[in-house]
Amino acid sequence: MSALLPPARRVWWKEPLDRVELAWILIAFAWSAILFFMMPYWHVFGKQNLSNEAYRISAEEFTKRTQTMVDKYTVRTETDEKIPVVHPPEGSDVYLIARLWQWWPLLELENGKSYRLHLSALDYQHGFSLQPSNINLQVVPGYEMVITVTPNQAGSYSIVCNEYCGIGHHKMVSRLYVK
Amino acid sequence: MNDSRNFRIDTPTGLQYHRDAELLIKANAFFGVVFLLIGGVLALLVSLTRWPSVHLLPADWFYLTLTAHGLDMLVFWIIFFEIAVLYFCSSTLLRCRLATPRIAWLGFALMLIGAVTTNVAIFRGDSSVMMTSYVPMGAHPSFYLGLILFAVGALIGCFVFLGTLVVAKNDKTYEGSLPLVTFGALTASIIAIFTIASGAIILIPTFLWSIGYIHQIDPLMYRTIWWAFGHSSQQINVAAHVSVWYAIAAIVFGAKPMSEKVSRTAFLLYIAFLQLASAHHLLSDPGLSSEWKIFNTSYFMYFAVLASMVHGLTVPGAIEVAQRKKGYTKGLYEWLRRAPWSNPVFSGMFISLIGFGFLGGISGVMMGTEQLNMIIHNTIYVPGHFHATVVIGTTLAFMSLTYFLIPSLFRREVWLPGVAKWQPYVFGFGMYAFALVMMGAGTLGVPRRHWDMSFAGTALPHEFPGSAYLMMGLVGISGVLAVIGGGMYILVTVGSLLFGRKVESSTFAQKGTPIPRAPVAATIGGHHGGAGFAAPGTFTLAIVFLVAFVLYYFINWKYLSTVWGIS
């Protein structure tokens, strides 16, 4: 009977199904299997996967490590605030701090070379959004995420914060240079 | 109790309303609409602020408004209306009394007090933390307290619903299995109980943290458990609005489910797998393994997507079968062309179904794919997606149902039927455009929850391309259009209660009558369609959907393959 009334048969499991439904279920099931398969496939054959490398870390410790990198590899400063621009060697550990409302320091990487990028937040949660590539990652205080990045195009990139972090959220924007 | 007006039978529909249930349905639906009105005004302000050339509100008011808009719409409007749907699907459809009406009123009171408390907290200005209230960003304790009270009230509503099912079973008001629509509502209620429990597990400690009793809440733990509440509450909506689609197909066309077995199994898949999707929000987080992400984000092998794709076929399929039986058999689509497009109960439901599938469903799978999430996470694509699922899917379905409930439940003729006729089109297509251009802007990297995409006053601003500004301008325009459509709904519903002519077609009785035993009819009723299919037109529509899905899915992989190497 109608969907507002109990089914005609007492046990709904015994209601028959139409061929059109069966055909669609099989198609939808096959498509679901493909959707599922694509994720492990990309882990094996794709080049854009998040590593599972992450650590708990305190704000002080992350700041200390970032400062060590800045002290070693700063090549110049930019803006009135004299934010250091860091040019680390290929393959090295690169740290980027997210805090209210700034990314620190500025990074300068080389095209085609790989770096171990460490991301952590010192206070609230922030969102790492690399523009215009549109790569977006969650940055969580107390956790350090490590990913290996390989820039594939030279130019000036922006890092926008795309996790709401209070009244200065829309002012949290920075640069990243690829030479 | 010995009132001779205990039950009211609405003659045109034959529905039987228990007096207590009737009042509770009215009260819950009414306050749902009140919060929809508040949320709608806020929606206008948010749209006009994100429209770059208007940029209406200052930053603090924008973030405050956005916080209130999210909670008033996603939580208060929808859950109030859902409790009304639960009572309707149990007491009214099963023709029984509502269990423990006094406790149901207690639940209602808690929900109302909670919703008001949280709104007061937000509008005082010290709780602009967005709907998600991610720790360690803190809100005023009353912000969390209001949400907890609301959740407890809603939980009571769910148990009253379950109790009413027991009443119906004991009083033998129906035979055999529950009607499909009630079965779907039961699915929603089970999901709701899981959801609210998750909400309690995270919001109670967060409340204790906000008053200084607990020292620290781990932000990653918060995200994991909060989304078991935040995402699952959207799954209640899916189960509820799919039930409403089935109900409307039955109300407008007398359509019966193509197969009870298929539709119900799809609902069972929702119960088993839908909640895993809270992982969608954690795909770009540190500290969770890829195995965990893939298993959960895919609802284990996309079984919940499968279920939605099944409903997407069986709801219009049931309509097609009913229409073909009435003789609309020409070609593939006469049944659809000759559907009552000027009846907002139908048009709203159909616009809801198509938009939910094509815009909400497909974009949801994109965002929910582990790697593809990286090029979407936290961009304005995300609200683009959920406005397609929750607004086009849930809100529009509930609006359509309202046009049926105005005469049947509120006993008023629809006021301004001309406005009502156009309302689903203005609101629905406004929202289609809104969702689409938001997704477009998100693809260009525009962040969500962001006051100023021009980064004025910063030392190193990012310059979004002109196309992103164009998209955000269109977000503003289509947002205003959708708000007008929402305003038309408020005008018609509130106007009908105030000025609509009374419908006097009810009889009253002290005792209810059970659902009459239906004769065992031929279930599918022969093949009225072609190619051995009962619903060939629907099947071709489903194939169009699949082709769009496949193409868009692989376009996104193609785009992902061009960005930086990440490992």
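Being a predicted model, the structure only gives us computed values, none of them experimental.

Brief notes about the overall build of chain A
- A tally of regular secondary structure across chain A gives two helices and 12 strands.
- Overall, chain A shows an N-to-C arrangement of helices and strands of α-β-α-β-β-β-β-β-β-β-β-β-β-β.
- The C-alpha atoms of chain A give a radius of gyration of 24 Å, which is well past the 16 Å a tight globule of 179 residues would have.
- Counting over 179 residues, chain A shows a buried share of 55%.
- Partitioning the intrachain contacts of chain A with sequence separation of at least 6 by distance along the chain shows that 56% fall at a separation of at least 24.
- About 7,400 Å² of surface is accessible on chain A, with carbon and sulfur atoms providing 58% of the total.

Side note on the sheet that holds strand β2 (residues 15-18) of chain B
Residue and element names in this part refer to chain B.
- Strand order in this open sheet of three strands is β2-β1-β3, and the pairing throughout is antiparallel. Here the strands that pair on one side only, and so sit at the sheet edges, are β2 and β3 (506-509). Between one strand and the next, the sheet's axes are offset by a mean angle of 25°, whatever the strand orientation.
- The pairing of strand β1 (residues 7-10) with β2 spans four bridges and is antiparallel. By the bridge assignment for β2, isoleucine 9 is matched with glutamine 16.

Looking at the interface of chain B and chain A
- If you look at the interface, chain B gives 120 residues, while chain A gives 88 residues.
- Counting each side, the surface lost to burial between chain B and chain A is near 9,400 Å², with a carbon and sulfur contribution of 68%.
- The three residues of chain B that bury the most area against chain A are Leu460(B), Trp564(B) and Ile566(B), which together make up 10% of that side's buried surface.
- The interface formed by chain B and chain A includes three salt bridges.
- A salt bridge links Arg449(B) to Glu163(A), with the shortest nitrogen-to-oxygen separation between them at 3.6 Å.

Let's talk about the packing of helix α3 (residues 101-123) of chain B against helix α4 (residues 141-170) of chain B
Residues and elements named next belong to chain B.
- Where α3 contacts α4, the two axes come as close as 7 Å, and the packing angle between them is 160°. Viewed along their axes, α3 and α4 adopt a mutual orientation that is roughly antiparallel. Along this stretch, α3 crosses α4, giving a crossing that reads as left-handed.
- The residue inventory of the contact of α3 with α4, partitioned by class, reads 17 nonpolar, seven polar and no charged.

Here we look at the pattern of salt bridges
- One pass over the full model with this rule turns up 20 salt bridges over all chains.
- Note that Glu175(B) and Arg10(A) form a salt bridge whose closest N and O atoms lie 3.5 Å from each other. With Glu175(B) in the loop between α4 and α5 (180-210) and Arg10(A) in the segment before α1 (19-45), this pair bridges two chains.
- Of the residues examined, Glu175(B) reaches a relative accessible area of 37% and is grouped as partly exposed.
- One salt bridge in this structure joins Asp93(A) and Arg116(A), with 2.9 Å as the shortest N-O distance. Of this pair, Asp93(A) sits in strand β4 (residues 93-99) while Arg116(A) is found in strand β7 (residues 115-121), placing the two residues 23 residues apart along the sequence.
- According to the relative accessible area criterion, Asp93(A) is partly exposed, its value standing at 32%.
- Assessed through its relative accessible area of 27%, Arg116(A) is described here as partly exposed.
- Connected through salt bridges with shared partners, the residues Glu61(A), Lys64(A), Arg65(A) and Glu144(A) form a single ionic network.

Comments concerning the pairing of β1(B)
Residue and element names in this part refer to chain B.
- Where β1 and β3 come together, four bridges link them in antiparallel fashion. Residue isoleucine 9 lies in a different strand from β3, and its bridge partner there is threonine 507.
- Linking two consecutive strands that pair antiparallel, namely β1 and β2, is a turn of four residues; a positive phi of about 75° is found at glycine 14 within it.

Notes on α1(A)
- Here α1(A) is 27 residues long and its end C-alpha atoms lie 38 Å apart, about the 39 Å a rise of 1.5 Å per residue gives.
- Along α1(A), the helix axis deviates most sharply at Met38(A), where the bend reaches about 25°; the proline Pro40(A) sits within four residues downstream.
- For α1(A), every residue scored as buried is listed here: Val20(A), Glu21(A), Trp24(A), Ala28(A), Trp31(A), Ser32(A), Leu35(A), Phe36(A), Met38(A), Met39(A) and Trp42(A).
- The secondary structure elements touched by the buried residues of α1(A) are α7 (260-273), α8 (290-297), α9 (299-325), α11 (344-367) and α15 (536-560) of chain B.
- A distance of 2.9 Å separates the backbone nitrogen of Val20(A) from a side-chain oxygen at the start of α1(A), and that oxygen is part of Asp18(A).

Some thoughts on the packing of aromatic side chains
All names here are of chain B.
- Counted according to the given criterion, the structure contains 56 aromatic pairs over all chains.
- Between tryptophan 77 and phenylalanine 398 the ring centres are 6.2 Å apart and the planes differ by 70°, which places this aromatic pair in the edge-to-face class. Here phenylalanine 398 lies in helix α12 (residues 381-408) and tryptophan 77 lies in helix α2 (residues 59-92), a separation of 321 residues in the sequence. The burial state of tryptophan 77 is the same as that of phenylalanine 398; both residues are buried.
- Ring geometry for tryptophan 415 against phenylalanine 499: centres 5.1 Å apart, planes inclined by 50°, an arrangement best described as tilted. In this pair, tryptophan 415 sits in the loop between α12 and α13 (417-443) while phenylalanine 499 sits in helix α14 (residues 466-499), placing the two residues 84 residues apart along the sequence.
- Look at tryptophan 415 and you get partly exposed, because its relative accessible area is 27%.

Some points on the domain arrangement of chain A
- Taken domain by domain, chain A consists of domain 1 (1-49) and domain 2 (54-178).
- Between the C-alpha centres of domain 1 of chain A and domain 2 of chain A the distance comes to 43 Å.

What counts and how
- Residues numbered from 1 in each chain as written.
- Chains lettered and ligands numbered in written order.
- Predicted model: local features only at pLDDT ≥ 70, side-chain atom pairs only at ≥ 80, totals over all residues.
- Heavy atoms only, no water.
- Helix = DSSP H or I, 4+ residues; strand = E, 2+ residues; numbered from the N terminus.
- Rg over C-alpha atoms; globule rule 2.2 N^0.38 Å.
- Buried < 20%, exposed > 50% of the residue type's maximum accessible area, 1.4 Å probe, protein only.
- Contact = heavy atoms within 4.5 Å.
- Areas by Shrake-Rupley, 256 points an atom, 1.4 Å probe, with all protein chains shown as cover.
- Pairing = 2+ DSSP bridges.
- Axes fitted to C-alpha atoms, helices over the stretch in contact; angles between N-to-C directions.
- Buried area = accessible area lost by both parts, 1.4 Å probe.
- Salt bridge = Lys/Arg side-chain N within 4 Å of Asp/Glu carboxyl O.
- Parallel < 35°, antiparallel > 145°, perpendicular 65-115°, else oblique.
- Left-handed = near helix turned anticlockwise from the far one by under 90°.
- Nonpolar A, V, L, I, M, F, W, Y, C, P; charged D, E, K, R; others polar.
- Expected span 1.5 Å × (residues − 1).
- Bend = angle between axes of the 7 residues up to and from the residue.
- Polar contact = N/O pair within 3.5 Å; in protein donor to acceptor, adjacent residues only side chain to side chain.
- Phe/Tyr/Trp six-rings, centres within 6.5 Å; stacked < 30°, edge-to-face > 60°.
- Domains from an automatic or database assignment.

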